[in-house]
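Each chain, letter by letter, is given below.
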Amino acid sequence: AVVSTQSTGKQWYQRRVRGHPEMTRARHHYLKKEWKNSEKEYHYWTRMRIGRPAFFLDKSKSPPKLPFYQFLAGTGAEQLENNKELRITDGTPSLFWNLEGWETRYPDFDNPPYTNADLIHSVTPDATIIVMFRNPTKRLISEYIYFWDTRWERRTPASFHSEVVAEVTKFNKCLEIRSFIQCCHTKDHSQRVRLTLGLYICYTREWASVFGENLLAITMEEYQSEPVKTLLNIYDHIGLKESNLDELNQFLETSKTSNSMDIVKKKRFGEILEETRKLLDEFYKPYNTELAEYLGESKFLFL
């Protein structure tokens, strides 16, 4: 499984890791009844399993719950009958952090009684986990712009700053009366400025405590600067055969992607205010430090 938050570069993983011949790639969309090679997100464990359809689906056409066997059929699992060396992968971003609805389902609990890591481990205890991180300040900015529908709303550096101030204030007030875990997983957060998705230490502890050495953490910054080294590290972690370096370099070159719409929106949005960047950097700094100490690597300081 590849777990992370939005805007950390999972498209990179989609094209470069799932392109390996030992990875299953087909996904069966349970509504459209068709096979696609491009989709990477199943949203089973965080949404379909408990009957919560993805927000963009027509609820009248969505089943209340998706049976596990139907989900499994959509992962390309049947391909393993003829090739036991294949690996199934799930790249759902929300798998890392989303326990939405736990407060309603378990009203007598102070903290979530289980995590998504517990669910995955109960089904596939030998799964390998790849966690993808990015400088949390940059991640938040990127996500804010990515989900901006320029047809219906106006987003500016000034509006972003106001929303960031509100979310930072709200989170710090939450810490005065609730635990860190509760504040990370509470539903009382903005869906436009998802500040808590950058609190990686909260969710990393949940996954590392269950999967231990089966968890590999990488950063967007390192695979941008050293793509071959990072990709070979991922292959080794998953247990995939190492590719020929010349072929790998050629594959990396031909699989480069760019989102023209993102480029247009970034240009239209402009640069964020320096005071916003400073506020976010200061907010995330102690949590980045804790993450770096927990994983034993300074790259997670995001300096």
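Residues numbered from 1 in each chain as written. Predicted model: local features only at pLDDT ≥ 70, side-chain atom pairs only at ≥ 80, totals over all residues. Heavy atoms only, no water.

Caption draft 1: Quick look at the pairing of strand β5 (residues 215-219). Taking burial as the measure, the five residues of β5 include five buried ones, the bulk of the element. Of the two faces of β5, the one holding Leu215, Ala217 and Thr219 and the one holding Leu216 and Ile218 are both buried throughout. (Buried < 20%, exposed > 50% of the residue type's maximum accessible area, 1.4 Å probe, protein only. Helix = DSSP H or I, 4+ residues; strand = E, 2+ residues; numbered from the N terminus.)

Caption draft 2: Seen up close, the nonpolar core. Among the nonpolar cores identified, the biggest contains 48 residues, and Phe133, Phe160 and Trp207 are the most heavily contacted of them. When residues of this core are traced back to their parent elements, those giving at least two are α4 (116-123), β4 (129-133), α5 (136-146), α6 (157-177), α7 (180-185), α8 (200-211), β5 and α13 (274-295). Discounting chain neighbours no more than four positions away, the residues touching Phe160 are Leu140, Ile141, Tyr144, Val193, Phe269, Ile272, Thr276 and Leu280. Membership of the second largest hydrophobic core comes to 13 residues, among which are Ile218, Tyr235, Ile238 and Leu240. (Core = buried A, V, L, I, M, F, W, Y, C linked by side-chain atoms within 4.5 Å. Contact = heavy atoms within 4.5 Å.)

Caption draft 3: Inspection of the packing of aromatic side chains at higher detail. Summed over the entire model, instances satisfying the criterion amount to 18 aromatic pairs. Judged by centre distance (5.2 Å) and plane angle (70°), the rings of Phe283 and Tyr284 are edge-to-face. Overall, the relative accessible area of 7% leaves Phe283 in the buried class. Under the relative-accessibility criterion, Tyr284 is labelled buried at 0%. For the ring pair Phe283 and Tyr287, a centre distance of 5.7 Å and an interplane angle of 55° mean the geometry is tilted. (Phe/Tyr/Trp six-rings, centres within 6.5 Å; stacked < 30°, edge-to-face > 60°.)

Caption draft 4: Structural view of the packing of α6 against α13. Taken N-terminus to C-terminus, the directions of α6 and α13 make an angle of 25°; their axes are 10 Å apart at the nearest point. Considered as vectors, α6 and α13 are oriented roughly parallel to each other. Our pair here, α6 against α13, has a crossing hand that is left-handed. Together, Phe160, His161, Val164, Val165, Val168, Phe171, Asn172 and Leu175 of α6 and Glu275, Thr276, Leu279, Leu280, Phe283 and Tyr287 of α13 make up the contact between the two elements. Considered class by class, the residues forming the contact of α6 with α13 number 10 nonpolar, three polar and one charged. (Axes fitted to C-alpha atoms, helices over the stretch in contact; angles between N-to-C directions. Parallel < 35°, antiparallel > 145°, perpendicular 65-115°, else oblique. Left-handed = near helix turned anticlockwise from the far one by under 90°. Nonpolar A, V, L, I, M, F, W, Y, C, P; charged D, E, K, R; others polar.)

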